[in-house]
Structure formats: structure tokens, C-alpha cells
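# Report on the structure
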Amino acid sequence: MRALASLWRDADLPDDALADIDLPGDEPLVASSFAIGTAAQASLAAAALAAAEIWHRRDPRGRRQRVSVAMRDAVLESSAHFTLDGVAPTLWDKLSGLYPCADGRQWVRIHANFAHHRDGALRLLGLPAGPQVERTDVVAALRAWSAQDVEDEAAARGLVVAAARDFATWDAHPQAVASTAMAPVAIERIAAAPHADPLPWPGASGEAPLRGVRVLDLTRILAGPVAGRTLAAYGAEVMLVNSPSLPNIEAIADTSRGKLSVHVDLARDEGRATLRELSRSARVFLQAYRPGALDALGFSPLAVASLRPGIVYVSLSAYGPVGPWAARRGFDSLVQTATGFNLAEAAAFGAAEPKPMPLQILDYAAGYLLAFGAQAALLRQAQEGGSWHVQVSLAGVGRWLRALGRVHGDTTAVRPPFEGALEESDSGFGRLVAVRHAARFSITPARYARPSMPPGTHVPAWPKRFHAISNNRSVPP
């Protein structure tokens, strides 16, 4: 409860709501020296409790409902587990992972899940591009490099490679120093935005806390899509906006549950005009572009707040919005490596090689915290007016995870089984079996109103009326 209470109070939300949540479960649930179960549970519970608080404010009778988030269920939802037509997709490219450099005591992490990232890293190492290259080829090529040189040269080329550091080295890094004062979820007014009175909640409250709340989801890689999916589970009308020219990861079949899915090409005038029109009636603008990238296209926080006074603009970054690495690309696995977690896990397990955490907890906790921050800002807007900017970074979530303390229990813990936690539905990707949302509401059960569909399935326009459509059903144990 302490981790949740700290997040809740930092967002200036009322203490009395904390009496309405149950958090069953104890560490450890996975083999890690970090409080991964607590991080998953507290971040997801914050999002769920914020939804319950919105429902309380919208309910004509001012009712409250109980919310329960079991640690087991939060961990399972954070495990990236799903199947399509009975098959579990391959989520990692064969070249993604940790590699020794130079004398074997330095390590780098290469992210190769997108072909252009893989091929760029291969060219950097003097290897031919393409899927025919094997890990042994990469190991041999890296013998001529120091980890720092690989990281520096990769960053200069816009690639995704990270050198492994320990915590002490990362804490002294200029990027860590620049962002150390930022809260895990930063919520602030967009000071120069046009005046915005408190906006009324759209339509009747209905059964779902966020019913009628329109969310633009301009994200692709896990943390942002998890945030949009979480808001969809609470009833928001979420529109996933993809570029027709950019690839997606397999997890889109899971993270698109509950969303409309459209193509908008922001490289074209017509695409930018479409996004401006969509923004004018949105309540939340969720984006995970590198800091400054959307600004150059005319969609900075201030620009969007000028289009839609009262907007809640939500930003995700890898290493934080300020500092020398603010614009650096990064994913959960790379941020783990760069900021010290892999070497810390190795030391805790007595391993000779860096050890990744057993879940992509930085991504999932960031996703839940983005959803929490969006709703906290919606509550603030409904009470105080104004336009708001919410900021979360993967590195900031890592800093928060460290502050939760270490787990000195059973490092051989095995993740709980998925039996009883799955639901299945038809989707545009095939028959989807995935983990149910972990939060349990006593009055308004979380659910996905739409099946996940491939990018470009829907037209880029808000429906005139929200339709609750769902064919989800639980998978028997």
C-alpha cells in the first residue's frame, strides 16, 4: 500500500479514496532481486483507483466502489503472454540480447526486433545486413569493440544499443543527474496554453468510468500501447493512430484490445490536418515520440492545447525529457542495461553475465503509470480547469523501482500459472487468448468494448456514438 499511497499523494488525489482498494499478495512472485510484483501491482492499482475516483465524481449519487488488484494478476498481465489461433508469437529477434565486448568484461545490449535496427547494428559492426547473420557472427565482430564505443557510435547513427553499467556509474551519468528530481509521474499545467475552464464529463456516466472520454494513442512499443489499452478497459474511446509506413511489433494484437485502429501519415499535409481535427474533440493525447519529434510536426503540448483547450497531453520517453540523452531512442531491455539493472541482477544471483529482469517491468509499469497520470490530470482539469502535461520515462520508472527496495527472498521463484487469468476473443489478427485486466471493480467491471484490429482497419474519424461491443469470454482453467 505504501507504494500506491505515495503515487496517489504525489498526484494530489484525495486520501479517502485509498480506503477503497485491496492489494492482496506478497513478494516474490518472480525470480528477481527487485520488487517487480510490487511495482506491477502499485502502478496498475493507481490507474484502477483513479478510474474508480472518476466514476465516483461522475456518478449522480456519488457512490464509491471497491477495487482489488492482486499482485499475482498484475504480474500475469505484465508478462506479455498471448496466443493467436493457438500459437504464441515469437516476440524477440534471434539477434536481440546481451553480448560481450573487448576483453569479455564489458557488455552491450542490441535490440534487433525491427529489421532496420537489426541491419543498422550489423552494418555498424562490419557485418552484412539481413536475417542470415547468426549470433556467433555478432559475438566475433564485437571482440574488436569496447562497449562504450559501440553505444556511442550506435547512438550517433540513431540505432538502439546500450552499454551495461552498474548503478553507481549510471547515477553519476549526466543523464541520470539531469533527471533525478523528476517524479515517476510528472503532472503539470501547460502554462502558456489558452485559458480552459473545467470541461464537463462527456455524456452520461453509464457503466464505465471513462465512458465517452476520447483518447488519441500515438504509440507503438509496449508501454504506450499498454497505457491506451488500460484506458480502454475503463471505458475510454481510444483511437490507435499508426503511420502506414512504420512497422509494429507482434504484441499489437494484444495491446490493441478495445481500440479503434487507424492510419494517419504525419509526413503529409493531409495527415497532419486529420490529426488536428481529431485532436479538437479528444480529451487525452497520448504519445511516445522522441522529445521534440512531434513538436516539429506541429503537435507540441502547447500546440495541441491551442487546438483543444483543456487537453491532457501525455508523453512517454526512454530516458527523460531533459538531459543529454533526452532524444535518445530506447526500449525497456536497453534501459535496464544502461541504467544498472542487468548487472545488479547478476550480482544478486551470483551470475557471471548480466541478467535481465524476468519481466519487461519498466514498460508495463510505465504503461500503467501513464494511464494513472492521464486520469489524475483529467480529475485535476475537471476541478481546476487548464490544460495539462503528464510525463513518464522508462528510466524514471527504473528509478522508482529501485526506491521500492530489493527482494531478498526466493530468487528461484517461478511466475504463477496463467490458468484462470485468460480470456479469448475474435480479433483481426486471429483468435486471441490473452490475460484479463488485473483490476477488479465491484460495480463497473473492466472490459474491452472492441476487438483488436490491424492498423488502418477503421477510418480516422470519431464515431458519432460510442458502441459497446465485446465478445470476450473467460478461458476455463
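Our structure is the block above this text.
To start, this report covers the structure provided alongside it. (Residues numbered from 1 in each chain as written. Predicted model: local features only at pLDDT ≥ 70, side-chain atom pairs only at ≥ 80, totals over all residues. Heavy atoms only, no water.)

## Some remarks on the overall build of the protein
Of regular secondary structure, the protein possesses 16 helices and 17 strands. Radius of gyration (C-alpha) of the protein: 22 Å, near the 23 Å computed for a compact globule of 477 residues. Relative to its 477 residues, the protein shows a buried fraction of 56%. In the protein, 75% of the contacts between residues at least 6 apart in sequence involve partners at least 24 apart. Total accessible area computed for the protein in this model is approximately 18,400 Å², and 52% of it derives from carbon and sulfur atoms. Within the protein, the 46 negative side-chain charges are centred at a point lying 4 Å from the centre of the 48 positive side-chain charges. (Helix = DSSP H or I, 4+ residues; strand = E, 2+ residues; numbered from the N terminus. Rg over C-alpha atoms; globule rule 2.2 N^0.38 Å. Buried < 20%, exposed > 50% of the residue type's maximum accessible area, 1.4 Å probe, protein only. Contact = heavy atoms within 4.5 Å. Areas by Shrake-Rupley, 256 points an atom, 1.4 Å probe, with all protein chains shown as cover. Lys, Arg positive; Asp, Glu negative; His and termini not counted. Charge placed at Lys NZ, Arg CZ, Asp CG, Glu CD.)

## Re helix 1 (residues 2–10)
Every α-helix winds through 3.6 residues per turn, so residues three or four apart in the chain are directed the same way. The set of residues buried in helix 1 consists of A3, L4, A5, L7 and W8. Tucked inside the fold, the buried residues of helix 1 contact strand 1 (21–22), helix 2 (36–58), helix 15 (361–384) and helix 16 (394–403). In the stretch just after helix 1, D12 is the one whose phi turns positive, near 60 degrees.

## Side note on the pattern of salt bridges
Throughout the structure, instances matching the rule amount to 28 salt bridges. In this structure, D171 and R402 form a salt bridge, with 2.8 Å as the shortest nitrogen-oxygen distance. Highlighted residues: D171 in helix 7 (residues 167–171) and R402 in helix 16, separated in sequence by 231 residues. The class for D171 is partly exposed, based on a relative accessible area of 39%. With a shortest N-O distance of 2.6 Å, D254 and R257 are connected by a salt bridge. (Salt bridge = Lys/Arg side-chain N within 4 Å of Asp/Glu carboxyl O.)

## What about the sheet that holds strand 2 (residues 67–69)?
If you trace the three strands from one edge of the open sheet to the other, you get 1-2-16, paired in mixed fashion. Whereas interior strands pair on both sides, the edge strands pair on one side only; in this sheet they are strand 1 and strand 16 (439–441). In terms of strand pairing, strand 2 meets strand 16 through three bridges, oriented antiparallel. When the bridges of strand 16 are listed, V67 appears paired with F441. Against the sheet, helix 2 engages strand 1, strand 2 and strand 16, with an angle of about 165 degrees to strand 2. (Pairing = 2+ DSSP bridges. Axes fitted to C-alpha atoms, helices over the stretch in contact; angles between N-to-C directions.)

## Side note on the sheet that holds strand 8 (residues 214–218)
Spatially, seven strands are ordered 7-13-12-11-8-9-10 in an open sheet, and the strand pairing comes out mixed. Edge positions in the sheet fall to strand 7 (186–189) and strand 10 (259–263), since each has one partner strand and no second. Pairwise comparison of adjacent strand axes, ignoring direction, gives a mean angle of 20 degrees for this sheet. Against the sheet, helix 9 (residues 223–233) touches strand 8, strand 9 (237–242), strand 10, strand 11 (284–287) and strand 12 (312–317), its axis set at about 165 degrees to strand 8. Most of the contacts of helix 11 (residues 269–279) go to strand 8, to which it runs at about 150 degrees, and overall it touches strand 8, strand 9 and strand 11.

## So, the side chain of S43
Mapped onto the elements of the fold, S43 is located in helix 2. Separated by 2.6 Å, the side chain of S43 and the backbone oxygen of A39 make a polar contact. What S43 contacts, discounting residues up to four positions off in sequence, is L7, A365, Y368, L369 and W400. (Polar contact = N/O pair within 3.5 Å; in protein donor to acceptor, adjacent residues only side chain to side chain.)

## What to know about the environment of A352
Tracing the sequence through the fold places A352 in the loop between helix 14 (341–349) and helix 15. A352 gets classed as exposed once you look at its relative accessible area, which sits at 80%. Along the chain, A352 and Q65 lie 287 residues apart, while their C-alpha atoms are 49 Å from each other.

## Section: helix 11
Among the residues of helix 11, G271, R272, L275, L278 and S279 are the ones counted as buried. Seen from one end, helix 11 has its buried residues packed into an arc of 120 degrees, which puts them on one side. Away from its buried face by more than 90 degrees, helix 11 exposes D269 and E277. Summarising the contacts, the buried residues of helix 11 are in contact with strand 8, strand 9, strand 11 and helix 12 (301–307). (Arc of directions from axis to C-beta.)

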